[in-house]
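Descriptive analysis of the structure
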Amino acid sequence: MDPTVVRTFGTQLRKWFRKNGRDLPWRKTRDPYRILVSELMLQQTQVSRVVPKYAEFLETFPTLHHIARAKPMRVTEAWSGLGYYARARNLHALAKVVTDSGRNVYGVLPPDAEDLRELPGIGAYTAGAVSSFAYERRAELVDTNVGRVIKRVFAPHADLKTGKGQKQVWAIAKAILPRTGKATWVHNQAIMELGALVCTARVAHCHVCPVRKVCTTYARGSSFAAPGTTR
Ligand code: SF4
């Protein structure tokens, strides 16, 4: 990839986020447990539904230790309204492993994505999110929004439904990370936000997009743009 394009993409993206990023509660903390809870809740559930539930849940279970000590049923009950209860069950199992099993003597979540992935219910995306958003590590992450932005900007022919396409966007996500962990925090938040607000699945709002100057889909014109893309 052209280093100038990568640099411009990152600089414009982070600048845009500093002005336009939403003020969300999990963006104000670096507590790994709180970050993990937000990430689990945000899988399959809209931000507007997560915000009130997040505060309520943390009031009931302020730390991973509170989760580990609770009966699994109580954690599931506190999760009610969010659906996909396997997430709550996995969180309970994870809390037990981290605080009880002796695998982690400090009783906290590990900072490295590879170590996080060994815990119950933690996939590649969540591992990258906790590592980057809680510990400010240079960890890449790809969810649906990030995958879509990367595909449209850097790899319009990547098929995200295939293992090969996924591998390709994960490799790009890693290659475009900024140099420091602190900047990576902003970068990862920003690319997710761009996918949620500007480069959405239904419509790509290219006219207000901060990275259009370096976007391959935009440069190729509407006949190459994703369905529903507006210019
Ligand atoms: S220019 Fe358009 S297609 Fe490219 S990233 Fe921005 S919104 Fe998406």
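Definitions and cut-offs
- Residues numbered from 1 in each chain as written.
- Predicted model: local features only at pLDDT ≥ 70, side-chain atom pairs only at ≥ 80, totals over all residues.
- Heavy atoms only, no water.
- Helix = DSSP H or I, 4+ residues; strand = E, 2+ residues; numbered from the N terminus.
- Rg over C-alpha atoms; globule rule 2.2 N^0.38 Å.
- Contact = heavy atoms within 4.5 Å.
- Areas by Shrake-Rupley, 256 points an atom, 1.4 Å probe, with all protein chains shown as cover.
- Salt bridge = Lys/Arg side-chain N within 4 Å of Asp/Glu carboxyl O.
- Near = heavy atom within 4 Å.
- 1 Å grid on protein atoms, 1.4 Å probe; cavity = no way out; pocket = protein on both sides within 12 Å on 5 of 7 lines; lining within 4 Å.
- Sits in = over half its atoms within 2 Å of the grid points.
- Nonpolar A, V, L, I, M, F, W, Y, C, P; charged D, E, K, R; others polar.
- Points joined across faces, edges and corners; volume = space filled by probe spheres on them.
- Axes fitted to C-alpha atoms, helices over the stretch in contact; angles between N-to-C directions.
- Parallel < 35°, antiparallel > 145°, perpendicular 65-115°, else oblique.
- Buried < 20%, exposed > 50% of the residue type's maximum accessible area, 1.4 Å probe, protein only.
- Domains from an automatic or database assignment.
- Buried area = accessible area lost by both parts, 1.4 Å probe.
- Polar contact = N/O pair within 3.5 Å; in protein donor to acceptor, adjacent residues only side chain to side chain.

Attention now goes to the overall build of the chain. Along the backbone of the chain there are 12 helices and zero strands. Its C-alpha atoms give the chain a radius of gyration of 18 Å, near enough to 17 Å, the size a compact globule of 231 residues would have. Each of the three principal axes of the chain carries a C-alpha extent, and together these read 55 × 35 × 35 Å. Relative to all contacts within the chain whose residues are 6 or more apart in sequence, the contacts with residues 24 or more apart total 64%. As displayed, the chain offers around 11,900 Å² of accessible surface, 53% of which is attributable to carbon and sulfur atoms.

Okay, the pattern of salt bridges next. Tallied over the entire structure, the rule returns seven salt bridges. What you see here is one network of salt bridges that share partners, running through Arg22, Arg27 and Glu193.

Let's shift gears to the site of the ligand. Taken together, Arg152, Val153, Cys199, Ala204, Cys206, Cys209, Val211, Arg212, Cys215 and Tyr218 make up the full set of residues near the ligand. The cavity that encloses the ligand is the largest cavity. For the shell around the ligand, the class distribution of residues is eight nonpolar, no polar and two charged.

What follows concerns the layout of surface pockets. There is about 580 Å³ of room inside the largest pocket. Lining the largest pocket are 21 residues, and of these Leu42, Thr45, Val47, Asp143 and Asn145 lie nearest its centre. For the lining of the largest pocket, the secondary structure elements donating two or more residues are α2 (32-42), α3 (47-60), α8 (124-133), α9 (144-154) and α11 (181-197). At four residues, the largest contribution of residues to the lining of the largest pocket is made by α11. Among the residues making up the lining of the largest pocket, the classes are represented as eight nonpolar, eight polar and five charged.

Glancing now at the packing of α9 against α11. Packing of α9 against α11 leaves a shortest axis separation of 8 Å and a crossing angle of 85°. In terms of orientation, α9 and α11 fall into the roughly perpendicular class. Along the contact surface, α9 presents Asn145, Val146, Arg148, Val149 and Ile150, while α11 presents Ile191, Met192, Leu194, Gly195 and Ala196. Of the residues contributing to the contact of α9 with α11, the split by class is seven nonpolar, two polar and one charged.

We now examine unusual backbone geometry. The backbone of Gln44 shows a phi angle near 75°, a positive value even though the residue is not glycine. Residue placement: Gln44 occurs in the loop between α2 and α3. The backbone phi angle of Glu136 is positive, close to 50°, even though this residue is not glycine. Relative accessible area serves as the criterion here: at 23%, Glu136 is assigned to the partly exposed category.

Turning to the domain arrangement of the chain, a few remarks are in order. You can read the domains of the chain as domain 1 (3-22 + 139-224) and domain 2 (31-133). Counting residues at the interface gives 12 residues for domain 1 and eight residues for domain 2. Summing both partners gives a buried area of about 750 Å² for domain 1 against domain 2, and 71% of it is carried by carbon and sulfur. Counting the surface domain 1 buries against domain 2, the share from its top three residues, Ala139, Leu141 and Trp185, is 46%. At the junction of domain 1 with domain 2, the criterion picks out zero salt bridges. The interface formed by domain 1 and domain 2 contains two residue pairs in polar contact (both at pLDDT 80 or more). In terms of residue class, the side of domain 1 that touches domain 2 is built from six nonpolar, three polar and three charged.

Time to look at the side chain of Thr217. Residue placement: Thr217 occurs in helix α12 (residues 216-220). Relative accessible area serves as the criterion here: at 7%, Thr217 is assigned to the buried category. At 2.6 Å, the side chain of Thr217 forms a polar contact with the backbone oxygen of Arg152.

Glancing now at empty space enclosed by the protein. Under the defined criterion, the tally for this structure stands at one cavity of 30 Å³ or more. A volume near 130 Å³ is recorded for the largest cavity. In terms of lining, the largest cavity is formed by 16 residues, of which the most central are Cys199, Ala204, Cys206, Cys209 and Cys215. Of all the elements in the fold, those that place two or more residues in the lining of the largest cavity are α9 and α12. Looking at the lining of the largest cavity element by element, the count peaks at three residues for α9.

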